[in-house]
There are 2 protein chains.
Amino acid sequence: MPLRLDSAAPDFERRFAELLASKREASQEVGDTVAGIIADVRARGDEAVAELTNKFDKAGVTPDTLRFSEDEIASAAARVSAEVREALQTAHDRIKSHHERQKPKDDLYTDALGVTLGSRWTPIDAVGIYVPGGLASYPSSVLMNAVPAKVAGVERIAMVVPTPNGQLASAILCAAQIAGVTEIYRIGGAQAVAALAYGTASIARVDKIMGPGNAYVAAAKRQVFGQVGIDLIAGPSEVLVIADRSANPAWVAADLIAQAEHGGGAQSILVTTEEALADTVDAEVDRQLSLLPKQSIAREGWEEFGAIITVDTLETATILANRIASEHVELAVDDPQALMVGIRHAGAIFLGHHTPEAIGDYVGGSNHVLPTARSARFASGLGVLDFVKRTSILGCTPSSLSALAGAAVTIAEVEALDGHGRSISIRLNR
Amino acid sequence: MPLRLDSAAPDFERRFAELLASKREASQEVGDTVAGIIADVRARGDEAVAELTNKFDKAGVTPDTLRFSEDEIASAAARVSAEVREALQTAHDRIKSHHERQKPKDDLYTDALGVTLGSRWTPIDAVGIYVPGGLASYPSSVLMNAVPAKVAGVERIAMVVPTPNGQLASAILCAAQIAGVTEIYRIGGAQAVAALAYGTASIARVDKIMGPGNAYVAAAKRQVFGQVGIDLIAGPSEVLVIADRSANPAWVAADLIAQAEHGGGAQSILVTTEEALADTVDAEVDRQLSLLPKQSIAREGWEEFGAIITVDTLETATILANRIASEHVELAVDDPQALMVGIRHAGAIFLGHHTPEAIGDYVGGSNHVLPTARSARFASGLGVLDFVKRTSILGCTPSSLSALAGAAVTIAEVEALDGHGRSISIRLNR
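What counts and what doesn't
Residues numbered from 1 in each chain as written. Chains lettered and ligands numbered in written order. Predicted model: local features only at pLDDT ≥ 70, side-chain atom pairs only at ≥ 80, totals over all residues. Heavy atoms only, no water. UniProt positions renumbered as here; feature names shortened; annotations may be inferred. Axes fitted to C-alpha atoms, helices over the stretch in contact; angles between N-to-C directions. Helix = DSSP H or I, 4+ residues; strand = E, 2+ residues; numbered from the N terminus. Parallel < 35°, antiparallel > 145°, perpendicular 65-115°, else oblique. Left-handed = near helix turned anticlockwise from the far one by under 90°. Contact = heavy atoms within 4.5 Å. Nonpolar A, V, L, I, M, F, W, Y, C, P; charged D, E, K, R; others polar. Buried area = accessible area lost by both parts, 1.4 Å probe. Salt bridge = Lys/Arg side-chain N within 4 Å of Asp/Glu carboxyl O. Polar contact = N/O pair within 3.5 Å; in protein donor to acceptor, adjacent residues only side chain to side chain. Pairing = 2+ DSSP bridges. Buried < 20%, exposed > 50% of the residue type's maximum accessible area, 1.4 Å probe, protein only. Arc of directions from axis to C-beta. Least-squares fit on C-alpha atoms with pLDDT ≥ 70 in both. Phe/Tyr/Trp six-rings, centres within 6.5 Å; stacked < 30°, edge-to-face > 60°. Lys NZ or Arg CZ within 6 Å of the ring centre and 35° of its normal. Domains from an automatic or database assignment.

An unreviewed UniProt entry lists chain A under the name Histidinol dehydrogenase, from Devosia soli. The UniProt entry for chain A carries the following comment under Sequence similarities (unreviewed entry): "Belongs to the histidinol dehydrogenase family." Under the heading Function (unreviewed entry), UniProt records this for chain A: "Catalyzes the sequential NAD-dependent oxidations of L-histidinol to L-histidinaldehyde and then to L-histidine."

See the structure below:
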């Protein structure tokens, strides 16, 4: 049974706080194992990578076959049906055109004193993209990471994907081909992260590593942070549906199930002003789950982590939504544009009855890599900004330096940094 | 003696690689101590914070006196001279007007299919700013963190600053007053970070923690990351000066000294096309050091971590600069605008002979919190973007959903996520 709360109940605050604080991931203590793997890859390079890949993935690789050849990529991509290729191409094109709008602009200007100031953006030289293989095969993930990198102007994209027992879904390589990714290694786990961060004879090091992975991958990313940049550590996926009486209970139920089927702690929450809708959705989730081919993961997720919360007004729903700060917020209400204004903390907002979250996972155009575990309070989804960096520009003329020198030297004195003050005063004509 | 390299020497590549790889910070293993402190603050709240503050800082506080009163702030600020207040006000105003230009714009639009798409930016609700007390007192740091937060629209700024033996430089509170920061606690170390991240009875939790600190503070920030956001972990400061024959050796020497006087592993590197200039600067650093009131830190830093590299051309200098990816890059050359184009990896670039790096530390207007330890390859300096987050917006109409449904359902099938596909197809009229 999903949790059922009523915001008017006397124990609501306590039970809602418990919901917010609940852990949905088993924290695995893998730090020491990962540290050992990273040290091994740093010491022995490709040999270590190949050995660990054969040990964990039974992939049957040698240092010479870590990388997919052009032929291997082309022939795998050719095995994908025309329908799938077209769908991935549609997704690619829409993601690309949306992300093109995110490219930041340089801003160089001269102020009233004659000081040149500005911000200049440049792409990161080389990024690594981690793509999970194994149980889950998500070609959409390849696009969501590679397309913003390409749009940003990243010159080198190195993709890693484990191939357990030598197997890999062809659609992964097809998505890479569509995105223009040509450097792909059949490696995964902490050893892949270490190879990307420190480099080996056959894999040049990158500057930043993106993409989701299991507990070992997440720990490895934390450990190499500083040596390279990393993206957010992704947690279990989550959706919050806010529904009023205009909502279609069957559609809401389908969206709650779609989130729950990710498993691994994925969470679906419904907040509604309608007690009757809450009951209908609850029953409808049960009914639709029984029709789903592989229902066990979704059912377990819904029963363990799902929640239905009834509230008096949409204002209360908004307050709760901002406290939950969900990765995905669906507004299944009559006037989603009006409700959206108050939702300040959300990875993505889906407007109205005809925008199931799943459309954003694939072909909406926005990115599906979004902040989880309440981090939408302070973090944004993946975008072009994650693949560029800004350099500040400052330039003084003799006269603008003179105009600023007094204040700067005064602050240098307060901070007891005499050398700072002298580097300014030595340049002044006296 | 600083390291002296010549890019034409046969052993250059090896020695340059050693320079790049050299560690300038003693890595202190403080993780377990910090974990204990965080657990204590989470368990006992203000009591633990006060106890630890008295133990480490001899600050003589109780849970009731953790926060500076309005009167305490006002009377401390009033003790600051008019000259210092004006200098800080000038710095504040220039930082503010530069950062105003960094505010990102929302982008909401409807595409050809009728899909509503967009990015909406909102400020973070509450940020914590860590300000070092003790040995170093840097009011400029208060401004560099607080002003972008204010510009971003952050509603609550909680500042923490340790007061060893109950002492605090008045200029710190004056800078806070100028920046409009009113919530200030006399606490520091891992206990301050824990209080900001998890909250206590008297200190409400924040969403993101910014600002530099010692090894304990850095470790605490790493450990609370996820619960809250954090900024970059700051390493020792560094400057790279590129000089041609137009450079003034005394000015270049003053800038190398200004960086070295930060101590703690700070690094100054000169890359020049002129062998004679290299010699003159080397001698000039010695001469100016002997005139500096507190020369020991700067001299030790220069001799241990300083380097002078001679190169054949400015093109070679550019290549080395991009490999070094320094926090600060000064272009002490005849045509800095032309040289700037090729410098892709730098926290900030300072143009020409009249732009000492120190002017950017205080009153240039750009931010002095910049990526160190070669992280300019993938990271940017502090700015307004660090205090806001982006929410993606997606909205389909019945007809645009129909147009996108086929591709989305196809990808859902490839990814074996039936519930995703069904949440889309259930909405289609058939």
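There is more to say after this.
(A) Here's a closer look at the packing of helix 8 (residues 189–198) of chain B against helix 9 (residues 215–224) of chain B. Residues and elements named next belong to chain B. Two elements in contact, helix 8 and helix 9, have axes separated by 8 Å at closest approach and are oriented at 25°. Relative to helix 9, helix 8 is oriented roughly parallel. Where helix 8 crosses over helix 9, the two elements pack in a sense that is right-handed. Facing helix 8, whose interface residues are Gly-189, Ala-190, Val-193, Ala-197 and Tyr-198, helix 9 presents Tyr-216, Val-217, Ala-220, Lys-221 and Val-224. Of the residues in the contact of helix 8 with helix 9, the class split is eight nonpolar, one polar and one charged.

(B) The interface of chain B and chain A, seen in detail. Contacts between chain B and chain A engage 117 residues on the former and 116 residues on the latter. Contact between chain B and chain A buries roughly 10,100 Å² in total, counting both sides, with carbon and sulfur atoms accounting for 57%. Contact with chain A buries area across many residues of chain B, yet Phe-378, Leu-394 and Arg-427 of chain B alone supply 8% of it, more than any other trio. For the salt bridge of Arg-377 of chain B with Asp-207 of chain A, the shortest nitrogen-to-oxygen distance reads 2.7 Å. One can count 68 residue pairs in polar contact (both at pLDDT 80 or more) joining chain B with chain A. Here the side of chain B that touches chain A gets nine residues from one element, more than from any other, and that element is helix 16 (residues 398–414) of chain B. Across the side of chain B that touches chain A, the residue classes break down as 59 nonpolar, 33 polar and 25 charged. Relative to strand 13 (residues 348–351) of chain B, strand 14 (residues 388–395) of chain A runs parallel, the two sharing four bridges. Across the sheet, residue Ile-393 of chain A finds its bridge partner in strand 13 of chain B, namely Ile-349 of chain B.

(C) Seen up close, the UniProt feature "binding site: substrate" (unreviewed entry) in chain A. When the UniProt feature table is mapped to this numbering, "binding site: substrate" (unreviewed entry) covers Ser-237, Gln-259, His-262, His-328, Asp-361, Glu-415 and His-420 of chain A. A stretch of 184 residues holds the annotated residues, and the largest C-alpha distance among them is 55.9 Å, long enough that they do not meet in one place. Assessed through its relative accessible area of 30%, His-262 of chain A is described here as partly exposed. Ignoring any residue separated from it by four or fewer positions in sequence, one finds His-262 of chain A in contact with Ser-237, Ile-297 and Asp-361 of chain A together with Leu-417 and His-420 of chain B. According to the relative accessible area criterion, His-328 of chain A is buried, its value standing at 2%. When residues no more than four places from it in sequence are discounted, the contact partners of His-328 of chain A are Ser-237, Glu-238, Val-239, Leu-240, Gln-259, Ala-348, Phe-350, Glu-357, Asp-361 and Leu-370 of chain A. For His-328 of chain A, the side chain forms a polar contact with the main-chain oxygen of Glu-238 of chain A, separated by 2.8 Å.

(D) View of helix 4 (residues 70–78) of chain B. All names here are of chain B. Among the residues making up helix 4, those that are buried are Ile-73, Ala-76 and Ala-77. Burial along helix 4 is one-sided: seen end-on, the buried residues are contained in an arc of 100°. Exposed side of helix 4, more than 90 degrees from the buried face: Asp-71 and Ala-78 are the residues found there.

(E) Layout of the relation of the copies chain B and chain A. In screw terms, the move from chain B to chain A is a rotation of 180° and a rise of 0.0 Å along the axis, fitting with an RMSD of 0.0 Å. Taken together, these values place the two copies in the relation of a two-fold axis. Interface residue correspondence from chain B to chain A reaches 99%, placing this contact among same-surface, isologous pairings.

(F) Region of the structure containing helix 9 of chain B. All names here are of chain B. Inspection of helix 9 places Val-217, Ala-218, Ala-219, Ala-220, Lys-221 and Val-224 among the buried residues, and these make up the whole buried set. The inward-facing, buried residues of helix 9 contact helix 2 (31–44), strand 4 (126–130), helix 8, strand 7 (208–210) and strand 8 (229–230). A side-chain oxygen of the first residue of helix 9 lies 3.0 Å from the backbone nitrogen of Tyr-216; this N-cap is Asn-214.

(G) Spotlight on the environment of Glu-327 of chain B. Residues and elements named next belong to chain B. As for its placement among the helices and strands, Glu-327 is situated in the loop between helix 13 (314–324) and strand 12 (328–332). With 42 residues separating them along the chain, Glu-327 and Val-285 place their C-alpha atoms 21 Å apart. Those residues within four positions of Glu-327 in sequence are excluded, and the remaining contacts are Ser-237, Glu-238, Gln-259, Ala-346, Gly-347, Ala-348, His-368, Leu-370, Pro-371 and Thr-372.

(H) Here's a closer look at the packing of aromatic side chains. In this structure the tally under the stated criterion is two aromatic pairs over all chains. When the centroid spacing of 5.3 Å and the interplanar angle of 20° are considered together, the rings of Phe-12 of chain B and Phe-16 of chain B count as stacked. Of this pair, Phe-12 of chain B and Phe-16 of chain B are both found in helix 1 (residues 12–21), four residues apart, which corresponds to roughly one turn of the helix. Taken as a pair, Phe-12 of chain B and Phe-16 of chain B share a single burial class, namely buried. One Lys or Arg, Arg-101 of chain B, reaches over the ring of Tyr-109 of chain A and ends 3.4 Å from the middle of that ring. Its guanidinium or amino end placed over the ring of Phe-68 of chain B, Arg-186 of chain B lies 4.1 Å from that ring's centre, counting from NZ or CZ.

(I) Representation of the sheet that holds strand 6 (residues 183–185) of chain B in the model. Residues and elements named next belong to chain B. Spatial ordering of the open sheet is given by 6-5-4-7-8, a layout of five strands whose pairing is parallel. Of all strands in the sheet, those with a lone pairing partner are strand 6 and strand 8, marking the two edges. Where strand 5 (residues 156–160) meets strand 6, three bridges bridge the pair, whose relative direction is parallel. Bridging from a neighbouring strand, Ala-158 pairs with Glu-183 of strand 6.

(J) Examining the pattern of salt bridges more closely. Across all of its chains, the model carries 46 salt bridges over all chains by this definition. For the salt bridge of Arg-205 of chain A with Asp-207 of chain A, the shortest nitrogen-to-oxygen distance reads 3.1 Å. Note that Asp-255 of chain A is salt-bridged to Arg-427 of chain B, the shortest N-O span being 2.7 Å. Placement of the pair is Asp-255 of chain A in helix 10 (residues 249–260) and Arg-427 of chain B in the segment after helix 17 (418–425), with the two residues belonging to separate chains. In this pair, the class of Asp-255 of chain A matches that of Arg-427 of chain B, namely buried. Bridged by salt links that share partners, the residues Arg-4, Glu-275, Asp-279 and Asp-282 of chain A form one connected network.

(K) The arrangement of the domain arrangement of chain A in detail. What the domain assignment reports for chain A is domain 1 (3–25 + 235–364), domain 2 (31–103 + 124–230) and domain 3 (396–425). Measuring from the centre of the C-alpha atoms in domain 2 of chain A to the corresponding centre in domain 3 of chain A gives 49 Å.

(L) Quick look at the UniProt feature "binding site: Zn(2+)" (unreviewed entry) in chain A. All names here are of chain A. Per the UniProt record, "binding site: Zn(2+)" (unreviewed entry) is found at Gln-259, His-262, Asp-361 and His-420. The largest pairwise C-alpha distance within this set of annotated residues, which runs over 162 residues, is 55.9 Å, so the set is dispersed in three dimensions. Mapped onto the elements of the fold, Gln-259 is located in helix 10. You can call Gln-259 buried: its relative accessible area is 0%. If near-sequence neighbours (up to four positions away) are discounted, Gln-259 is found in contact with Ser-237, Glu-238, Val-239, Ala-266, Gln-267, Ser-268, Glu-327, His-328 and Glu-357.

(M) Seen up close, the sheet that holds strand 7 (residues 208–210) of chain A. Strand order in the open sheet made by the five strands is 6-5-4-7-8 (chain A), with parallel pairing throughout. Each end of this open sheet is capped by a strand with a single partner; those strands are strand 6 (183–185) and strand 8 (229–230) of chain A.

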